[in-house]
Amino acid sequence: MSETIVTKLSKGNPLSRKLDSIFNSSLDDVETQKALKSLSVIYPDYKDLHSFQLRNDIDERLSNVHNLFLQSMKVVQDEMLLMGNAIEGLSDECRQMEMTLDKAYQDTSEILKVTSDLKQQSDDCDVKKVIAAAFIQKFTLPSNDIKLLTSSSEPITMSFFEALERLQQIHQDCKVLLIADQQNAGLNIMDSMNSYQEIAYERLFKWTQGECRMMKSESPEVSLELKKAMHAFRLRPILFDACIEEISSIRQSALPKYFQNAISVGGPNGFPKPIEFHAHDSQRYAGDLFAWVHQACVGEREMLENVFGIASNADKKRTAVQVPDAFQDVDGYKATEEALLVILDKNTQGLATILSDRLSSMFGATLGCLSAYKIANMIQFYEQTIYSLLGPEATLLKEMQKLSKDSLEAFQVSLNIHASDLIRNIPTISSSLEPPQIIRDSMLQLKEVLVSYDMSMISATKDIQRQIDLIFESFLTPTFEVCNAICADLPVLESAIFRVNCYHMIQTLLTAFSFTDVQVRNLETMIEEQISELVNEQVVTMLKQSGLYPLIRSMEQNQRPFGLQANTDSNAINQSMNQFDKYLLDVTMDVSETLYRIQSLDIGKRVASKGCRMFFDKYKFLVNEILNPENKYEFPATLIRRSVEEVETLLSMSD
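Residues numbered from 1 in each chain as written. Predicted model: local features only at pLDDT ≥ 70, side-chain atom pairs only at ≥ 80, totals over all residues. Heavy atoms only, no water.

**What about the overall build of the chain?**
The condition that has to hold: Under the DSSP-based scheme used, a helix requires at least four consecutive residues in state H or I and a strand at least two consecutive residues in state E, with every element numbered from the N terminus. Only protein chains enter the accessibility calculation, which uses a 1.4 Å probe. A residue is then buried if its area is under 20% of the maximum for its type, exposed if over 50%, and partly exposed in between. Between two residues, a contact is recorded if the distance between any of their heavy atoms is within 4.5 Å. All accessibility values rest on the Shrake-Rupley procedure with a 1.4 Å probe; residue burial counts only the protein chains present in the view.
Within the chain, the secondary structure is distributed over 23 helices and 0 strands. Burial status across the chain gives 38% buried among its 655 residues. Considering only contacts in the chain between residues 6 or more positions apart, those separated by 24 or more positions represent 74%. Only carbon and sulfur atoms are counted for the fraction: they give 55% of the accessible area of the chain, which is about 38,600 Å².

**A closer look at helix 9 (residues 237-264)**
What counts, and what does not: Any helix carries an expected span of 1.5 Å times its number of residues minus one.
Taking 1.5 Å as the rise per residue, helix 9 with 28 residues should run 40 Å; its terminal C-alpha atoms sit 40 Å apart, in good agreement. Where helix 9 ends, the next residue or the one after it, G266, has phi of about 90 degrees, a positive value.

**A short note on the side chain of S407**
What counts, and what does not: As used in this structure description, the phrase polar contact means that two N or O atoms lie within 3.5 Å; if the pair is within protein, one of them must be able to donate a hydrogen and the other to accept it, and residues adjacent in sequence are counted only when both atoms belong to side chains.
The topology assignment puts S407 in helix 13 (residues 395-424). At 2.6 Å, the side chain of S407 forms a polar contact with the backbone oxygen of S404. Ignoring sequence-local partners within four residues, the contact set of S407 consists of F363, A372, A376 and I379.

**Examining the packing of aromatic side chains**
Rules: Stacked, edge-to-face and tilted are the three classes for Phe, Tyr and Trp ring pairs, Trp counted by its six-membered ring, which pair at centre distances within 6.5 Å; planes under 30 degrees apart are stacked, over 60 edge-to-face, the rest tilted. Sitting over a ring, as applied to charges here, requires NZ of Lys or CZ of Arg to be within 6 Å of the ring centre and within 35 degrees of the ring normal.
Overall, the coordinates contain 14 aromatic pairs when judged by the stated rule. Centre to centre, the rings of F160 and F161 are 5.5 Å apart; their planes meet at 90 degrees, and the pair counts as edge-to-face. A relative accessible area of 7% places F161 in the buried class. Here the aromatic rings of F290 and Y382 are separated by 5.5 Å at their centres, their planes lie at 15 degrees, and the arrangement is stacked. You can see F290 sitting in helix 10 (residues 282-308) and its partner Y382 sitting in helix 12 (residues 369-390), a full 92 residues away along the chain. Taken together, F580, Y583, F615 and Y619 form an aromatic cluster joined through their ring pairs. Over the face of the ring belonging to Y201 we find R236, whose NZ or CZ atom lies 4.4 Å from the ring centre. Over the ring of Y549 we find K544; its NZ or CZ atom is 5.3 Å from the centre of that ring.

**Overview of the packing of helix 12 against helix 14 (residues 437-455)**
To keep things clear, this is the line we draw: For helices, the fitted line uses only the C-alpha atoms of the stretch in contact; every axis is such a line through C-alpha atoms, and the angle between N-to-C directions lies from 0 to 180 degrees. Working rule for angles: under 35 degrees goes down as roughly parallel, over 145 as roughly antiparallel, 65 to 115 as roughly perpendicular, anything else as oblique. The nonpolar class holds Ala, Val, Leu, Ile, Met, Phe, Trp, Tyr, Cys and Pro. Asp, Glu, Lys and Arg form the charged class, and all remaining residues, Gly among them, are polar.
It is at 9 Å that the axes of helix 12 and helix 14 come closest, and there the two elements cross at 10 degrees. Here helix 14 runs roughly parallel to helix 12, going by the angle between their axes. In this structure, helix 12 uses C369, L370, Y373, K374 and N377 to contact helix 14, whose residues at the interface are Q445, E448, V449, S452 and Y453. For the contact of helix 12 with helix 14, the per-class residue count stands at 5 nonpolar, 3 polar and 2 charged.

**Things to note about the environment of N574**
Its place among the elements puts N574 in helix 19 (residues 570-585). The partly exposed category is assigned to N574, whose relative accessible area is 25%. Taking C-alpha positions, N574 is 8.6 Å from I640, a pair spaced 66 residues apart along the chain. When sequence neighbours within four positions are dropped, the list of residues in contact with N574 reads L639 and R641.

**Some thoughts on the pattern of salt bridges**
Note the following rule: We count a salt bridge whenever a side-chain nitrogen from Lys or Arg sits within 4 Å of a carboxyl oxygen from Asp or Glu.
Summed over all chains, the structure comprises 27 salt bridges. Residue K402 is joined to D406 by a salt bridge in which the shortest nitrogen-to-oxygen separation is 3.4 Å. Note that K402 and D406 are positioned in helix 13 at a spacing of 4 residues, about one turn of the helix. Accessibility expressed as a relative area gives 43% for K402, which makes it partly exposed.

**Focus on helix 8 (residues 224-232)**
Of all the 9 residues making up helix 8, 7 are buried; the element is thus mostly covered by neighbouring parts of the structure. Three or more residues of helix 8 are buried, namely L226, K227, K228, A229, M230, H231 and A232.

**Here's the deal with a nonpolar patch on the surface**
As a reminder, the rule being used: Like charges within 9 Å and nonpolar side chains (Val, Leu, Ile, Met, Phe, Trp, Tyr) within 5 Å are joined into patches, using only residues over 30% in relative accessible area that form no salt bridge.
Where nonpolar side chains cluster on the molecular surface, the patch consists of F69, L70, M73, V76, M80, M83 and I87 and spans about 710 Å² of accessible area. With respect to the helices and strands, the residue M73 is situated in helix 4 (residues 54-139). A relative accessible area of 41% places M73 in the partly exposed class.

**Quick word on the state of the cysteines**
As a reminder of what qualifies: Pairs of cysteine sulfur atoms within 2.5 Å are identified as disulfides in what follows.
In the structure shown here, the tally under the stated rule is 0 disulfides. C502 takes part in no disulfide bond, and the closest cysteine sulfur to it belongs to C483, at a distance of 3.7 Å.

**With respect to the packing of helix 13 against helix 14**
To keep things clear, this is the line we draw: By definition, any crossing whose near helix is turned counterclockwise from its far helix by less than a right angle is left-handed, and any crossing with a clockwise turn is right-handed.
Direction vectors running N to C along helix 13 and helix 14 enclose 165 degrees, while the axes themselves pass 11 Å from each other. With respect to helix 14, the axis of helix 13 lies roughly antiparallel. Here helix 13 and helix 14 pass one another in a crossing that is left-handed. On the side of helix 13, the interface is formed by H418, D421 and L422, while helix 14 contributes I438, S442 and Q445.

**Focus: the nonpolar core**
Nonpolar side chains in soluble globular proteins generally cluster together in the buried interior. As a reminder of what qualifies: What is meant by a nonpolar core is a set of buried Ala, Val, Leu, Ile, Met, Phe, Trp, Tyr and Cys residues, joined one to another through side-chain atoms within 4.5 Å.
Grouped together as the largest cluster of nonpolar side chains are 147 residues, with contacts concentrated most on F290 and L355. Setting aside its immediate chain neighbours within four residues, L355 contacts F259, L289, F290, V293, L396, M400 and L403.

**A closer look at the environment of S420**
By the secondary structure assignment, S420 is in helix 13. The partly exposed category is assigned to S420, whose relative accessible area is 38%. With 58 residues separating them along the chain, S420 and P478 place their C-alpha atoms 8.0 Å apart.

**Examining unusual backbone geometry**
Geometrically, the link from R560 to P561 is a cis peptide bond, its omega value of 0 degrees lying close to zero. With respect to the helices and strands, P561 occurs in the loop between helix 18 (549-557) and helix 19. The phi dihedral of L433 falls on the positive side, at around 60 degrees, and the residue is not glycine. Inspection of the secondary structure puts L433 in the loop between helix 13 and helix 14.

**Section: the confidence of the model for the chain**
We count it as follows: Note: pLDDT gives the predictor's confidence per residue, expressed from 0 to 100.
With 85% of its residues at a pLDDT of 70 or more, the chain shows a mean pLDDT of 80. Low confidence marks residues 314-326, where pLDDT is under 50. Its contacts with residues over four positions away, or in another chain, come to 22 contacts.

Structure, rendered in structure tokens:
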């Protein structure tokens, strides 16, 4: 039997292979562990292993699970049936409610329609109410504004102008109604506003005339209310012109009165003093007159700029009156610069007459050159300022132009008198050959005139340049004539020194000014001519004193050979060289004594340097001629006692 079992469990038997597989399998892998755990759930007690029937047990367990599931589903089915019945009941209730709502909607639709129509009507009424309120506010005046504009008991204040501005704005807005389909409303509103407007302008005109009559002071102030009033009158050009004429009439009489008081009476309590208190000082007298007139013109223009409401000359970006919005871009009076200048001219005409009477008598008297020029300069300056204030057509400006012409004629007369006195009184000069006092005084006057011109604030023009040229001609021409008359009786050397001293003094005076370049250059040319004359005379003097003059003159005038001629032979050269040798010892002192009367050290040095250089060139010419074989001198080197280099060294000491 054992053999049979062994045979059955041989390796080729399937059961054997299965057992081997079971015995060889590992119990540690995850799947095996899970299977064993599941088996322990089914068979918790190992004692039951003897009756182990795995398949039957599993089938039994599955059958139990299925039965349990069927029982649970039966419960669910019963619950679902109950839920379906409940839902069916709810559906019936909803259908019933829907039918009820449909019936209610049919019953209330008419009411909703009526309610909607009433709401729309209410909204339309609200809009119309807002429009009506805005219309009333825009096209009607409040009772307070009507009272301010029409009641004679109410004062003219800024509130009045605010009400007038609102009235004018309503009037402007009515034009929109006329353009639209509201002509009747626009016309009715404009008629009612026109009645208020006429009453308001009548009140304003009377008030403004009263304010204008009060502008009698020397420097009247223009109140903000008056500025507003004049600006409002631009819609009434006739009223505007009437007020302007009222102001002009008052100012035409006030300005000359104050000017006359400033001249004759002065300020309160004697300060400032009357202008005519300084009538003895023509320059100050004229300056005070013009200063007062200029200040009055400035104040008058500022006053009228405020009245007219136009921009000031000082700042074109600034307006004199803040223009109300309601009066912008309306048809009416347009204030312009030309209209302002016309009124300014009227207001200042009286000043022109007084100014002319006061200054004409002064020009009739004899004025000195300096006083006449300073007054002419002053008038030209104020002429330019008045031109910028009053314009080119002003009567005062034309009178000042006439005064300017008279002052220049007085200046020309004084120049002619000065020139005549200068030429008529030819002075004698001192041994120092310096400019005489009469020329110094004349140049001092010229300097003061030039300083006055240089310090003036007159704009450079062709007329001003002609005046400057006339000044130079009137001062320098007679001065040069006096110099020529004095030099007529002087030796050539002294004449040249005197001219150099005079020309250098004038040049030094003119160099201090930036506008005298032409005259300075002309004087430099004249000085150079006299320097050339001085150098030539200096060389001739040095040649005569050194004994070389006859020798060099003969050589320059005669032909070679000089050694065979009596005036240039060896004996003549020896005699000249003896005297030349003695002269070289004192050449420095001789040159200094000749040129010390030249007042300019620089010019004296230039003359001495050029003279010595030319004298040296003459000596060099003589030496070259002696050494020239064509002149046939015997032993020429023995005739030359001083070499060229030695003479040049000695002469450089006097440089």
